[in-house]
Amino acid sequence: MNVLIVHNPLTDLDSLDNADVLVQVQAVEGALRTLGHECAILAWPEDMRQAGESLGAGIWDEVFNLVESIGGSAKTVHLVPAMLEEFGMAFTGASSWSLRHSTSKLLAKAVLAQHGLPTPAWLDIQGRGNIQTPGRFIVKSVWEHASFGLDEDNVVHVSSRARLLAEIKARRERLGGECFAEEYVSGREFNLAVVEQEGAPRVLAPAEILFAGYAKNKHRVVGFRAKWQEQSFEYQNTKRRLDFPESDALLLRRLSLTAEQCWKTFALSGYARIDLRVDAKGRPWIIDVNANPCLSPDAGFQASCVASGLTFPDVVGLLLQSAARQQHGPA
Ligand SMILES: Nc1ncnc2c1ncn2[C@@H]1O[C@H](COP(=O)(O)OP(=O)(O)O)[C@@H](O)[C@H]1O
Ligand SMILES: [Mg+2]
């Protein structure tokens, strides 16, 4: 098969997310060659009008889509699949509809609520939302991912809606311009990786993030430091766990079912990673639906694949099969 790998236009070679994209490109290229496919690599042009010419529709059997943003903003992430759909090209991962509706955390919450799936109460910067005060909330970006602009000081305890609105506005710039507040779920955090196999979602081994050595009053948040700053306390004290005692079996089953419901609700394809928190009553809450999870060898998605007996080339092979099966079109 002839496969074209497309990735973010690399504007700033030193930025962490650009470096991460290149790691994924190399890993995918290696796996494609292991599987006996021909491949080439293309940085998606910043100028969308150029994309059609650069892509060379007709030459490629499939496009492996690793574009996470154009112009540095995840708000544009769905444009690449939208164009590939227009060109009638087969591509890996989620459709433009699925990416748009899951990448916007506010749109995702609307979709989840509409389908009766558990999403924490929220308040947007215009003052719309269903939160009740007083309470503890986390202020998050609408579009950014990988915890950009997010750390434990985004968790606030407020006594009124007006106070919360002020906290949202104060963090607006750091969170990429659009942000909102969500009820803070203080319990355990899980990542559920899903791959598509024979046209159906297969939920892989659940992973829990353990906050080892955290003081009692320190908020347990997988923020920017925990994800990216290797020297930080948060990076060194958040550990991934993939083995669980029998007493967790019921909870894990519930998380797995919730992840499967997310897959169906967002019409996901290829792969996904759903982040959940569990409240004091043992109820799971969906906090992040990642329709294009990071494929870096050290990322959570890979860890769950390995724990489920899937090698990286196995996963790449499943993504190619899923792309061949899709008929992405307007939802
Ligand atoms: N409602 C919430 N309650 C508790 N923690 C949360 C909540 N939302 C986000 N977090 C924490 O912040 C981290 C990053 O938030 P998330 O919504 O997953 O954004 P990103 O797209 O940046 O990964 C989560 O992994 C979790 O630790
Ligand atoms: Mg997340």
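Residues numbered from 1 in each chain as written. Chains lettered and ligands numbered in written order. Predicted model: local features only at pLDDT ≥ 70, side-chain atom pairs only at ≥ 80, totals over all residues. Heavy atoms only, no water.

1. Here's the deal with the coordination of the magnesium ion (ligand 2)
So, step 1. In this structure, Asp275 (OD) and Asp288 (OD) serve as the protein donors to the magnesium ion (ligand 2), at separations of 2.1 to 2.3 Å. One end of the pair, Asp275, is in strand S12 (residues 271-278); the other, Asp288, is in strand S13 (residues 284-290), and 13 residues separate them in sequence.
So, step 2. A relative accessible area of 5% means that Asp275 is categorised as buried.
So, step 3. A relative accessible area of 16% places Asp288 in the buried class. (Donors = N, O, S within 2.8 Å, 3.2 Å for Na, K, Ca; no water. Helix = DSSP H or I, 4+ residues; strand = E, 2+ residues; numbered from the N terminus. Buried < 20%, exposed > 50% of the residue type's maximum accessible area, 1.4 Å probe, protein only.)

2. Here's the deal with the site of ligand 1
So, step 1. Not every one of the 20 residues close to ligand 1 is listed here, only the nearest: Lys105, Lys140, Ser147, Glu182 and Glu189.
So, step 2. Within the side chain of Glu182, a nitrogen or oxygen atom sits 2.8 Å from a nitrogen atom of ligand 1.
So, step 3. In this structure, Ile287 approaches ligand 1 through a main-chain N or O atom, which is 3.5 Å from an oxygen atom.
So, step 4. Protein coverage of the free-state accessible area of ligand 1, which is 540 Å², stands at 98%.
So, step 5. Broken down by secondary-structure element, the contributors of at least two residues to the shell around ligand 1 are strand S5 (135-141), strand S7 (179-183), S12 and S13.
So, step 6. Across the shell around ligand 1, the residue classes tally to eight nonpolar, two polar and 10 charged.
So, step 7. Of the residues that make up the shell around ligand 1, three or more belong to each of domain 2 (119-183) and domain 3 (186-325). (Near = heavy atom within 4 Å. Polar contact = N/O pair within 3.5 Å; in protein donor to acceptor, adjacent residues only side chain to side chain. Areas by Shrake-Rupley, 256 points an atom, 1.4 Å probe, with all protein chains shown as cover. Nonpolar A, V, L, I, M, F, W, Y, C, P; charged D, E, K, R; others polar. Domains from an automatic or database assignment.)

3. A look at the domain arrangement of the protein
So, step 1. Along its sequence, the protein is organised into domain 1 (2-92), domain 2 (119-183) and domain 3 (186-325).
So, step 2. Taking the mean C-alpha position of each, domain 2 and domain 3 sit 23 Å from one another.
So, step 3. The partner domain 3 presents 13 residues to the 13 residues of domain 2 that form the contact.
So, step 4. Here domain 2 packs against domain 3, burying approximately 1200 Å² in sum over the two surfaces, 56% of which is carbon and sulfur.
So, step 5. Of all residues in domain 2, Ser147, Asp151 and Glu152 bury the most surface against domain 3, accounting for 44% of the area lost on that side.
So, step 6. At the junction of domain 2 with domain 3, the criterion picks out three salt bridges.
So, step 7. For Arg225, the salt bridge goes to Asp151, with nearest N and O atoms at 3.6 Å. (Contact = heavy atoms within 4.5 Å. Buried area = accessible area lost by both parts, 1.4 Å probe. Salt bridge = Lys/Arg side-chain N within 4 Å of Asp/Glu carboxyl O.)

4. Overview of the packing of helix H4 (residues 96-103) against helix H5 (residues 105-114)
So, step 1. Where H4 contacts H5, the axes come no closer than 5 Å and their chain directions differ by 100 degrees. Judged on the interaxial angle alone, H5 and H4 are roughly perpendicular. Side by side, H4 and H5 meet where Arg100, His101, Ser102 and Thr103 of the first sit next to Lys105, Leu107, Ala108 and Val111 of the second.
So, step 2. For the contact of H4 with H5, the per-class residue count stands at three nonpolar, three polar and two charged. (Axes fitted to C-alpha atoms, helices over the stretch in contact; angles between N-to-C directions. Parallel < 35°, antiparallel > 145°, perpendicular 65-115°, else oblique.)

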